[in-house]
Amino acid sequence: MERPVMTVLASAEAPVAEPEPAEPKRQWNTPALRRRLLIGVVAVWAVAITAVVLTRDGDDPDATAAAVPAASPSASEGPLSTADVYQTLLPSVVRIETSRRGATTGQNAQSMTESAIGTGVIANADGTILTAAHVVDGATTITISYTDGTTSTAEIAGADKANDIATLTPAQLPETLVPAVLGGGPAVGDPVVAIGNPLGLTMSTTNGVVSGLDRVLSRRQTGLIQFDAAVNPGSSGGPLINDRGEVIGIVVSLANPTTAGTFIGIGFAVPIGTALGAGEGDGQAPPL
């Protein structure tokens, strides 16, 4: 008697319905079942290996890190380097150039136009700039230069000559406006960074520490931050920044027992809280 021939039907077409045959006995040793069993064994083995990699205390921490990729951490809350502070604050710092009428001599002499350079910092999302009052005092024109190359005229929005603080409103804002982050009060010994345009050298940076607090320069100008980051004429109005990238003061003056007007290790800044609360005043401008 010949064996019946078994034909495997294609699955492209639905088979013709026939009466349901009796349920055959399940076959445990079929190729399909063996294949499924093999896949299951491989999956269990992979899970076991992963668990070992995750839990072992090996000598190579990089191997564990490679086996378990993680999202990049957020910005560190620890202290920033001087370079990091500079890069963070640079878009918020501006160069200020002013012109004013100079004195005339002689009966027919014409008045001369004098120009000066200072620094400012963008302190508000509307583009308001904080600077030292003496930088813009008496100016006939004020020109702001942003770090992206944009320039704009500006007007004095308010001034507190007693504290040597002024606010400027620029006529034009840069394409990307980056206000500075304002910080709280420092402690003696805290690291600080100053950014400005000393002697016309655009966007220079120096670093140092807070040397003292609540310094007094005049009867009205009190509560100043003393620091030893180098500043010179042209640094006036620039930000004094802590190691978290926060502006803690506005640079206004330096101390020098000579008439040279150059830095010898003692600079002063108005605390940012005082600068923000500046009102009208009639004090004398500091020498820087």
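Keep in mind that this is a model prediction, so the values were computed, not measured.

### A look at the sheet that holds strand β9 (residues 224-227)
Pairing in this closed barrel of six strands is antiparallel, and the strands run β7-β8-β9-β12-β11-β10 around the ring. The sheet shows a mean angle of 45 degrees between the axes of neighbouring strands, taken without regard to direction. Pairing of strand β10 (residues 239-242) with strand β11 (residues 247-254), which is carried by three bridges, proceeds in the antiparallel orientation. Paired with Pro 239 across the strands is Ile 250, a residue of β11. Relative to strand β7 (residues 191-196), helix α3 (residues 82-89) is tilted by about 45 degrees, and along the sheet it contacts β7, β8 (204-215), β10 and β11.

### Some thoughts on the environment of Ser 253
For Ser 253, the location among the structural elements is in strand β11. Judged by its relative accessible area of 0%, Ser 253 falls in the buried class. Separated by 18 residues in sequence, Ser 253 and Ser 235 place their C-alpha atoms 8.7 Å apart.

### Describing α3
Regarding α3, the residues found buried are Val 85, Tyr 86 and Leu 89. In a view along the axis of α3, the buried residues occupy a sector of 100 degrees, so they form one face of it.

### Description of the sheet that holds strand β6 (residues 165-170)
The strand order around the closed barrel formed by six strands is β1-β2-β3-β6-β5-β4, and the pairing between neighbours is antiparallel. The average angle at which neighbouring strand axes cross in this sheet is 40 degrees, direction not considered. Strand direction decides the pairing type here: strand β5 (residues 151-160) and β6, joined by six bridges, are antiparallel. Bridging from a neighbouring strand, Gly 158 pairs with Thr 167 of β6.

### Remarks on the pairing of strand β2 (residues 113-122)
Of the strand pairs in this sheet, strand β1 (residues 93-101) and β2 are connected by nine bridges, and their pairing is antiparallel. Bridged to Arg 101 within β2 is Thr 113. Relative to strand β3 (residues 129-131), β2 runs antiparallel, the two being bridged by three bridges. Residue pairing across strands places Gly 120 opposite Thr 131, the latter belonging to β3. Between the antiparallel neighbours β2 and β3 lie six residues, among them Gly 127 with a positive phi of about 95 degrees.

### Let's talk about the environment of Pro 79
Of note, Pro 79 is situated in the loop between α2 (61-67) and α3. With a relative accessible area of 66%, Pro 79 lands in the exposed category. Remark: the alpha-carbon pair of Pro 79 and Asn 242, spanning 163 residues in sequence, is separated by 8.7 Å.

### A closer look at the side chain of Ser 235
Here Ser 235 lies in the loop between β9 and β10. Of the residues examined, Ser 235 reaches a relative accessible area of 5% and is grouped as buried. Once you skip the residues sitting within four places of it in the chain, Ser 235 turns out to touch Thr 119, Asn 197, Pro 198 and Val 251.

### Considerations on the confidence of the model for the chain
On average, residues of the chain score 78 in pLDDT, and 66% of them are at 70 or above. Element-level mean pLDDT values for the chain span from 40 in α2 up to 98 in β7. Scored below 50 in pLDDT, residues 1-17 makes zero contacts in the model with residues more than four places away or belonging to other chains. In this model, residues 57-76 is a region of pLDDT below 50 whose contacts with residues beyond four sequence positions or in other chains number four contacts.

### Overview of the nonpolar core
Buried together is how nonpolar side chains tend to be arranged in soluble globular proteins. Formed by 36 residues in total, the largest nonpolar core has its most connected members in Ile 96, Leu 130, Ile 144, Leu 168 and Ile 195. Setting aside anything within four residues of it in sequence, one finds Leu 168 in contact with Ile 96, Gly 127, Thr 128, Ile 129, Thr 131, Val 136, Ile 142, Ile 144, Ala 154, Glu 155, Ile 156 and Ala 157. Judged by nonpolar contacts, the second largest core, of 13 residues, contains Val 192, Val 210, Val 231 and Ile 248.

Cut-offs used in this document
- Starting from 1, residues in each chain are numbered consecutively following that chain's sequence as written.
- Reporting of local features is limited, given that this is a predicted model, to residues whose pLDDT is at least 70; pairs of side-chain atoms are given and counted only at 80 or more, and all residues count toward the totals for whole chains, interfaces and linings.
- Note that the side-chain values use all heavy atoms of the structure and ignore hydrogens as well as water.
- Here, strands pair whenever DSSP counts at least two bridges between them.
- Counting from the N terminus, the helices are DSSP H or I runs at least four residues long and the strands are E runs at least two residues long.
- Axis angles are defined between N-to-C directions and span 0 to 180 degrees, where every axis is a line fitted to C-alpha atoms and, for a helix, only to the segment in contact.
- The contact definition used throughout considers only heavy atoms, calling two residues in contact when any of these lie within 4.5 Å.
- The cut-offs for exposure are 20% and 50% of the maximum accessible area for each residue type, with area from a 1.4 Å probe on protein chains only; residues under the lower value are buried, those over the upper are exposed, and the others partly exposed.
- Of all possible arcs, the one meant is that of the directions from the helix axis to the C-beta atoms.
- You can read pLDDT as the predictor saying how much it trusts each residue, on a scale of 0 to 100.
- The nonpolar core is taken to be a set of buried Ala, Val, Leu, Ile, Met, Phe, Trp, Tyr and Cys residues, with the residues joined through side-chain atoms within 4.5 Å.

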